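# A closer look at the structure
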Amino acid sequence: MQEVRIYIELDKKCPQKITRRYGYVLECNTEKGIATRESFGQAEGSYHAVTLQALLEAIGRMLDGCKAR
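Everything quoted here is computed from the prediction, not taken from an experiment.

### Thoughts on the pattern of salt bridges
The full count for this structure, using the stated rule, is 4 salt bridges. Linking Arg5 and Glu27 is a salt bridge whose minimum nitrogen-to-oxygen distance equals 4.0 Å. Of this pair, Arg5 sits in strand β1 (residues 2-10) while Glu27 sits in strand β2 (residues 18-30); the two residues are 22 residues apart in sequence, bridging distant segments of the chain. On the basis of relative accessible area, Arg5 is assigned to the partly exposed category, the value being 24%. A salt bridge links Lys12 to Asp11; the shortest N-O distance between them is 3.1 Å. Under the relative-accessibility criterion, Lys12 is labelled partly exposed at 33%. The partly exposed category is assigned to Asp11, whose relative accessible area is 33%. By sharing partners, the salt bridges in this structure join Glu3, Arg5 and Glu27 into a single network.

As structure tokens, then:
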């Protein structure tokens, strides 16, 4: 089972429900070195709601046989 690291960043840290931009990076060690996938998006919601949305999107891109960390 491969281990995948997920890094998430949002543009604003305030708790109010506003439009935010987010980005995430999936990182995995492979035989050829470190492989990454990234994506960026925009959503409206609280800081935690948009963080969870980014996390769900990132997990959706993972392949079977991977373990998130």
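### As for the environment of Thr30
By the secondary structure assignment, Thr30 is in strand β2. Judged by its relative accessible area of 35%, Thr30 is partly exposed. Separated by 28 residues in sequence, Thr30 and Gln2 place their C-alpha atoms 8.6 Å apart. Ignoring sequence-local partners within four residues, the contact set of Thr30 consists of Gln2 and Ala35. Reaching out from Thr30, the side chain makes a polar contact with the backbone oxygen of Gly33 at a distance of 2.6 Å.

### Topic: the layout of surface pockets
Space inside the largest pocket adds up to approximately 210 Å³. Around the largest pocket, the lining is made up of 13 residues, and of these Val4, Leu26, Cys28, Arg37 and Leu63 lie nearest the centre. For the lining of the largest pocket, the secondary-structure elements that each account for two or more residues are β1, β2 and β3 (33-45). In terms of residue count, the dominant contributor to the lining of the largest pocket is β2 (4 residues). When its residues are assigned to classes, the lining of the largest pocket shows 7 nonpolar, 3 polar and 3 charged.

Conventions used here
- Residues numbered from 1 in each chain as written.
- Predicted model: local features only at pLDDT ≥ 70, side-chain atom pairs only at ≥ 80, totals over all residues.
- Heavy atoms only, no water.
- Salt bridge = Lys/Arg side-chain N within 4 Å of Asp/Glu carboxyl O.
- Helix = DSSP H or I, 4+ residues; strand = E, 2+ residues; numbered from the N terminus.
- Buried < 20%, exposed > 50% of the residue type's maximum accessible area, 1.4 Å probe, protein only.
- Contact = heavy atoms within 4.5 Å.
- Polar contact = N/O pair within 3.5 Å; in protein donor to acceptor, adjacent residues only side chain to side chain.
- 1 Å grid on protein atoms, 1.4 Å probe; cavity = no way out; pocket = protein on both sides within 12 Å on 5 of 7 lines; lining within 4 Å.
- Points joined across faces, edges and corners; volume = space filled by probe spheres on them.
- Nonpolar A, V, L, I, M, F, W, Y, C, P; charged D, E, K, R; others polar.

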